[in-house]
Structure formats: C-alpha cells, structure tokens
Amino acid sequence: MSERYDVIVIGTGAGGGTLAHRLATTGKRILILERGDFLPREKENWSPVAVWGDRRYHNSGKWLDGDGREFSPKQHYYVGGNTKFYGAVLFRMRERDFSKVHHVDGVSEAWPISYADLEPYYTAAEQLYQVHGLRGADPTEPPASAPYPHPPISNEARIDQLSEDLLASGLHPFPLPNGILIDESDPAHSPCIRCETCDGFPCLLGAKADSHVVCVEPALRHSNVSLLTNARVVRLDTSPDGREVTGVVVERGGQTEVYQADIVALAAGAINSAAILLASANDRHPDGLANRSGVVGRNLMLHLNSSLIAFSRSPNPTRFQKTLGVNDYYWGDGDWPFPLGHMQMLGRSDAFTMSLDAPEADDPADLARHSLDFWLTTEDLARWGNRVVPRPDGTVQVHYKPTNVEAHDRLTERFKALLSTMRCHDNVIYRSEYVGGRLGISGVAHQNGTIRFGHDPASSALDVDCKAHDLENLYVADASFFVSASAVNPTLTIIANALRVGDRISEHLGVAVPR
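Now for a quick tour of the structure. This one's a predicted model, so the numbers in the text were calculated from it and none came from an experiment. (Residues numbered from 1 in each chain as written. Predicted model: local features only at pLDDT ≥ 70, side-chain atom pairs only at ≥ 80, totals over all residues. Heavy atoms only, no water.)

## Here we look at the side chain of Ser349
Examined against the element boundaries, Ser349 turns out to sit in the loop between strand 14 (342-345) and helix 7 (351-357). For Ser349, a relative accessible area of 4% translates into the label buried. A polar atom in the side chain of Ser349 sits 2.5 Å from the side chain of Asp373. Among residues more than four places away in sequence, those in contact with Ser349 are Ile309, Met354, Asp357, Ala368, Ser371, Asp373 and Arg431. (Helix = DSSP H or I, 4+ residues; strand = E, 2+ residues; numbered from the N terminus. Buried < 20%, exposed > 50% of the residue type's maximum accessible area, 1.4 Å probe, protein only. Polar contact = N/O pair within 3.5 Å; in protein donor to acceptor, adjacent residues only side chain to side chain. Contact = heavy atoms within 4.5 Å.)

See below:
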C-alpha cells in the first residue's frame, strides 16, 4: 500500500489537468495519475505524414463497436490528454443550451444548473486558457461578465475575403475563440508562430493552450503536487459499507499498485471514466460504482461532426486558417423549426492529406492550394442505448447510433448553398481522415454524458457538485457530467466545470482556493 494523499486526480486532460491546477495552491497533497506518458517533443509533431499517415501518436489501441467490430478511436493517452491534439476552439455553451431544447429527433434535457451558475467559471476558464476572441461578434453568444482576455486572432487575406463575402450575404461571421498562445503585437517573442500544423497536431513549441502547458506544468511547480505517468487506473475499491473510495488500483510497469486519498476525482474522459466505474462493481455496488440509477455508461453523446473541403476559385495561401465561425443556423434557418448547428474553419489540408482525401486526383498539391476547410457540428441527443461497456479483457465496447441526422444534413446543405458566395467551386469533398467526412463512432474528441449529474439520485449518478450521490469522496471532473451536448466544442465547459468542482473539493477539505 502506497502513502496516502489528500486528493488523487485521475487524468490530465481538460478536466483533470484543470482540476489539479485549481487545487495546487491549497497546499494539500495531490497525486495526478496519467495513463500515458509525456508526448515526445520532436520534429514529427509537425509532420502530416507522421501524424495522419503513420499514426505515430495513436496509442489507444482498439475498441469495439456495438456489433463487436474493432475500430481505432481518436483517443490519446498523454499528459494533457486529447488537448495535445485539439483545435483549441473554446466556446461557451449558449445560454439556451442549459434549458430544454426541442430537436427534430426529440428533446435535449435541461441542466440542473443554469448558465448564470457557470458564467464566472467560464470567465476564469477563458483567462486560464488565454482565449483570444471578440465579445458581441457571435450573434448567439451568451452574456459574459468580462471581455476575452486577448484580442481575436487575425484573419489572413483569403479568410478576410471569405468573412466579407459571408457578411454581405446577410450572415454574421465572427472570430473563433481560440486558446492559442499568440501575441500578434510582438511576433518576435510570440510563442505561436502561426504555422499550418496546429489543428489535429501537437505543438512542437508548446504554443497551444493545452492542459499540459497551461495547467499540469504550472501545478507541478508546487511541491505538494506530484504526477505519476504510465499509470492506468483499472478500478476503484471501496470501504466495506460502500460509502467511500478507499483505493485507486493502478497497473504500472507490469505491476499492480494501490493509492489512497481522502478525495478521488475521476477525469479519464467520458468513455474511460464510465468504464472504470462499471469495472469497479462490488457487493455493495453490483452494477458499478455510483450506478444505483443505472445511468453510468449510458447516454453517450459524440456530436454529429463533418469535415468538408471546399475549393476556392483563387489560390488560398492561408497558413493558420482556424479563425472564423458562423452560428447563424445554430437555432435554425428560418424555414425549419429545429436547430441545425455550428460551422467553423478547420486547419488547412496539405498535399499529403489531400492525397488521402482525394486519392483519384491527378494533382493533390494543386487541390490543397485551393482548399478551404470547414467543420460542421450538430447536437446529438442523450439516448439510453448509446452506452459504454467495459469488457473483461480491459477493452471498451461503445454502442452508438447518431440522432438529429436530418438536422445535420440540412446544415450541410446550407453550407453547400454558400459555395458561390464564398467564391468556391460547386463541389466539396469530405475529409477521409475524419472517417468519410462525418465522424462516426471513432470520433470521440467530443465525448460526453456518460455519468450525468442532477438533483435526483434515481436519474443521475452525480449531484450538482459532481460528487457521486452514493459515495462520500468521489467526484467526476470531465465531460461525463453533461446532460446535453449543445452544438459547440465542449472543452471550455469541461474546463469551467473542473474549476467549479475544484472549489467544491476545496470546501470538502476545509480549505480555500487562493485566487
């Protein structure tokens, strides 16, 4: 048995890394457990061939779909988790997203907290992750108590033209809220050099506001915080009465180790966190920890996401392209009574990735020179049958069928109707690197909803503070707690809630978090 800690945080991504950072200044002894290691800092970080072709950093192994077929999830086990590869677009959920919303395939439920409850934490999250943006430009943006901490990242010339054309058509394009460590007023000293390998790539310069860079490294500067890498949590043990977690069981270097803490905070990602709780079943919790309601592992949401490439009639020399968004169709298009979703720019295609996306092309490099890359997101709904099941051999099975497909198809058609306005040819292709253009079951970057929170223990696993109803010392600090998915990137909401959970844990421990 290892020494005892005040808090164990399981996971170093947007939830776990942020939570550890929030608690670091309390003076309490904190152990962070990370299943992976530090991502190597090497020139291949910026290589499309290494990242997309060779899958150099893919280390999640294989999962199974509902029919038992293997697939490769876009899950990464490194310090910083999936934020090492994310596009760093950090949206607040819309204020209406916290209420009941009617969709073509049903209703997304209201959250047990309001937007106003989370707003101060959204502001703190934007400051911590150094978000660049412009208040008031997005017509769906919720009210905020402070401006963005940094000005928006500028558009390059072709994206400026695109913005002007969309504006002239009656839409309201706006600067994306980006967590990039860039200083355009002093480029000689800016960490970010505005390269073309950001979205989907790890940053060789540490210039992306990922959880490793902005949270874990600063937390480890405190002597009371320690990190254990290559430490896979396989289950949580409980006291004989089942009321508290008494041991975190870890596989590390071929050995089994057990760690103890007064508080355990689970933040392994919505799929793995649910799998850990389900794999921890015991006599007191025969269906898995925190699962008296039966919801653990259920209600998995992934978003309907598509990656589309349009082709500009003129060359597109843009390097850093992910600067523009459109939310005019978020709540609908005026012709249909249901929400459609969100559009944003993606990182640029290059000759190599274009050769994968358009293998029949005579000149993929020329196609890449004219590409304009977009990401479309539609909300999917919480469904009981969309669930996570841990298997005895340690693998994960994911049962998932999308919802709101008609809404996503309508959003795609709205996008295609803009091609002439955008000075593009009338054809688009779907990026094969994103699984046929539309992310299917392997697209787990937006995973959420598997350990939902709420007031009623009969229909939720966690209380409104994200503490397990049935255990006195277990909290969850990743996207598992979501009740609905909205149609914007979930990361800022994960970060904001992790800050909120950090405050609740501090109160539990009887200490204040210095601001």
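## A short note on the packing of helix 1 (residues 16-24) against helix 10 (residues 491-509)
Relative to each other, helix 1 and helix 10 sit at 40°, their axes nearing to 8 Å. Overall, the two elements helix 1 and helix 10 adopt an arrangement that is oblique. Crossing of helix 1 against helix 10: the hand is right-handed. On helix 10, the residues that touch Thr18, Leu19, Arg22 and Leu23 of helix 1 are Ile495, Ala498, Leu499, Val501, Gly502, Asp503, Ile505 and Ser506. Residues belonging to the contact of helix 1 with helix 10 are distributed by class as follows: seven nonpolar, three polar and two charged. (Axes fitted to C-alpha atoms, helices over the stretch in contact; angles between N-to-C directions. Parallel < 35°, antiparallel > 145°, perpendicular 65-115°, else oblique. Left-handed = near helix turned anticlockwise from the far one by under 90°. Nonpolar A, V, L, I, M, F, W, Y, C, P; charged D, E, K, R; others polar.)

## Overview of helix 6 (residues 270-279)
Most of helix 6 sits out of view: nine of its ten residues are buried. Here helix 6 has its buried residues at Ala270, Ile271, Asn272, Ser273, Ala274, Ala275, Ile276, Leu277 and Leu278. Residues of helix 6 that are buried in the fold lie against strand 3 (63-65), strand 9 (232-238), strand 11 (255-266), strand 16 (387-390), strand 17 (396-399) and strand 19 (474-476).

## A word on the nonpolar core
One recurring pattern in soluble globular proteins: nonpolar side chains tend to sit buried together. The biggest cluster of nonpolar side chains holds 114 residues, and the ones touching the most others in it are Leu33, Tyr129, Leu236 and Ile505. Sorting elements by how many residues they give to this core places helix 10 first, with nine residues. Those residues in contact with Leu33 that lie beyond four places of it in its chain are Ile8, Val9, Ile10, Gly11, Leu228, Ala231, Val233, Val248 and Val250. Core analysis: the next-biggest nonpolar cluster, separate from the first, contains 24 residues, Leu372, Phe415, Cys424 and Val428 among them. (Core = buried A, V, L, I, M, F, W, Y, C linked by side-chain atoms within 4.5 Å.)

## Re the sheet that holds strand 7 (residues 174-175)
Here we have six strands laid out as an open sheet, ordered 7-13-14-15-12-18, and antiparallel in their pairing. Every other strand in the sheet has two partners, leaving strand 7 and strand 18 (424-430) as the edge strands with one partner each. Taken together, the two bridges between strand 13 (residues 324-326) and strand 14 define a ladder with antiparallel strand orientation. Within strand 14, the position partnered with Val326 by the bridge is Met343. Packed onto the sheet, helix 4 (residues 157-168) meets strand 12 (304-312), strand 13, strand 14, strand 15 (371-378) and strand 18 and runs at close to 20° relative to strand 13. (Pairing = 2+ DSSP bridges.)

That is the geometry; function is a separate question.
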